[in-house]
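# What the coordinates show
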Amino acid sequence: PNRVYFKKPGMKLDLGGIAKGFAADEISKILKKNGVRNFYVAASGSIFASGKPPDKDAWYIGIQDPVKKDKNMGLVRLRDKGVSTSGNYERFVTIKGGRYSHIIDPRSGYPQKYVVSATIIAPTTIKADAFGSAMCVLGGERGAKLLNALNIGIEALIIEEREGKLRYFRTKGFEKHLA
């Protein structure tokens, strides 16, 4: 009980997909428990924003452009929410000229192909991390449609690249977070 066993030597379990969000949420709980209300915690790109900074109405967080990585493609306004971006533009491997994402589609066992970036705004940062990976696997159209149907307070901007062209998919409520 409470153990994981791998049959093959060298196999590992990596919680990197949600560990940053979990850490940000846990640090946020400690800050709130100690009376801190206005802060943001950044754990390697997974961010929880509580309250607001002085003289502003919310925290403003940049969304990195997945093509022009030195630029932001926009800002989101956050208050008491987590945000995280997943995708294949930062972490990938190139094998024989092919680019392969680090996010594996559990249905096929192969890396997801099309989602370049999935920015998720959620009530917690761990949910933002988890849904980011899920949206990369589901794809933009199916992912946005699912989140809209679930209506659980999770918003997304999902960017796909197919045949050299970018396609953008947003949940109904994502726009209200844009600065």
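Residues numbered from 1 in each chain as written. Predicted model: local features only at pLDDT ≥ 70, side-chain atom pairs only at ≥ 80, totals over all residues. Heavy atoms only, no water.

### A short note on the sheet that holds strand S9 (residues 155-162)
Read from one edge to the other, the open sheet built from six strands follows the order S1-S2-S5-S8-S9-S10, with strand pairing classed as antiparallel. Lying at the two open borders of the sheet, with one neighbouring strand each, are strand S1 (39-43) and strand S10 (165-170). Adjacent strand axes in the sheet meet at a mean angle of 10 degrees, parallel and antiparallel pairs treated alike. Pairing geometry for S1 and strand S2 (residues 46-50), over five bridges, is antiparallel. Opposite Ala43, over in S2, you have Ser46 as the bridge partner. (Pairing = 2+ DSSP bridges. Helix = DSSP H or I, 4+ residues; strand = E, 2+ residues; numbered from the N terminus. Axes fitted to C-alpha atoms, helices over the stretch in contact; angles between N-to-C directions.)

### Some points on the pairing of S10
Of the pairings in the sheet, the one linking S9 to S10 comprises six bridges and is antiparallel in character. Across the sheet, the residue bridging to Leu157 is Arg170, located in S10. Connecting S9 to the antiparallel partner S10 that follows it, the hairpin turn spans two residues, and Glu163 within it adopts a positive phi of roughly 50 degrees.

### So, the packing of aromatic side chains
Aromatic rings in a pair are described by how distant their centres are and how their planes are angled relative to each other. Here the structure, examined in full by the defined rule, presents one aromatic pair. Between the NZ or CZ atom of Arg99 and the centre of the ring of Phe92, over which it lies, the distance is 3.8 Å. Across the ring face of Tyr114, the terminal group of Arg162 is positioned such that the distance to the ring centre comes to 3.6 Å. (Phe/Tyr/Trp six-rings, centres within 6.5 Å; stacked < 30°, edge-to-face > 60°. Lys NZ or Arg CZ within 6 Å of the ring centre and 35° of its normal.)

### Observations regarding the packing of helix H2 (residues 125-138) against helix H3 (residues 140-150)
Taken N-terminus to C-terminus, the directions of H2 and H3 make an angle of 130 degrees; their axes are 7 Å apart at the nearest point. Here H2 is positioned oblique relative to H3, judged by the angle of their axes. Touching Phe131, Met135 and Leu138 of H2 are Arg142, Gly143, Ala144, Leu146 and Leu147, all from H3. (Parallel < 35°, antiparallel > 145°, perpendicular 65-115°, else oblique. Contact = heavy atoms within 4.5 Å.)

Scope: geometric values only; no functional claims are made or implied.
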